[in-house]
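# Coordinate analysis (summary)
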Amino acid sequence: TLTSFTVEVSPQFPPGTMVEFTSTLGSFKPSATVAIDVGQRAAVDLESVSEIGTAQVTAKVSDFLVRTSIDFERALPNAITVAAGSLTVTATGQVTITATLLRDVGDVTEDTVVTFRAEHEDAGEVGTFQNVSRSTASGTATATYLPGASTPAGRVKITAGTSPSSVTGSVDVEVTE
């Protein structure tokens with residue numbers, strides 16, 4: 001997450017005067033110290049790649065301080081695509097499922113919890129998921145789907161989602177005998 005942070009500075013400080021920014025979360029890009037511009041502003045970008053919480057941000061010029069809080073919230077997906085390592089699996093077999101979390105702008109927050117669900121066209125929820133991972137920096141999460149010996153042959157819709165987002169994605173897998 002990248003948040004632009006701008007401080008308007010009193011005319012008593014001429015352009016070129018340095019402003020030092022500090023924060024309890026994240027880091028400033030490209031630098032935490034910037035010069036006041038001709039519009040009497042000093043601007044920085046505060047980046048928090050994986051830290052969720054409230055940052056206490058301070059801007060200091062000479063002996064004057066300005067403090068504020070910035071909330072870093074989890075960036076949830078706008079869309080989820082789901083793929084299966086194979087589109088067929090035996091009831092006693094297993095298949096790797098990959099969910100890719102996508103955003104229109106920026107990236108989904110790393111370590112987002114992804115939930116997987118499998119629903120048989122005739123038998124309701126079936127099977128189990130093992131080795132479920134959280135999302136990576138590239139937005140992918142994986143799980144191993146095991147239909148189970150009692151799962152009848154037929155189509156199983158595997159759905160992936162995150163909470164509290166209502167966005168989901170799915171893929172159909174055919175369970176064979």
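So, how was this worked out
- Residues numbered from 1 in each chain as written.
- Predicted model: local features only at pLDDT ≥ 70, side-chain atom pairs only at ≥ 80, totals over all residues.
- Heavy atoms only, no water.
- Phe/Tyr/Trp six-rings, centres within 6.5 Å; stacked < 30°, edge-to-face > 60°.
- Helix = DSSP H or I, 4+ residues; strand = E, 2+ residues; numbered from the N terminus.
- Buried < 20%, exposed > 50% of the residue type's maximum accessible area, 1.4 Å probe, protein only.
- Polar contact = N/O pair within 3.5 Å; in protein donor to acceptor, adjacent residues only side chain to side chain.
- Contact = heavy atoms within 4.5 Å.

### Some remarks on the packing of aromatic side chains
The geometry of an aromatic ring pair comes down to the distance between the two centres and the angle between the two planes. Considering all chains together, one arrives at four aromatic pairs under this definition. Aromatic pair Phe13 and Phe64: ring centres 5.6 Å apart, planes at 75°, arrangement edge-to-face. Of this pair, Phe13 sits in the loop between β1 (2–8) and β2 (18–23) while Phe64 sits in strand β7 (residues 64–72); the two residues are 51 residues apart in sequence, bridging distant segments of the chain. By relative accessible area, which is 9% here, Phe13 ends up buried.

### Here we look at the side chain of His120
Its location among the elements puts His120 in strand β11 (residues 115–120). A residue is classified by how much of its surface remains accessible, and His120, at 3% relative accessible area, is buried. Engagement of the side chain of His120 in a polar contact is seen with the backbone oxygen of Pro152, the distance being 3.1 Å. Among the polar contacts made by the side chain of His120, one reaches the main-chain carbonyl oxygen of Ala153 at a distance of 3.2 Å. Setting aside anything within four residues of it in sequence, one finds His120 in contact with Val126, Thr151, Pro152, Ala153, Gly154, Arg155 and Val156.

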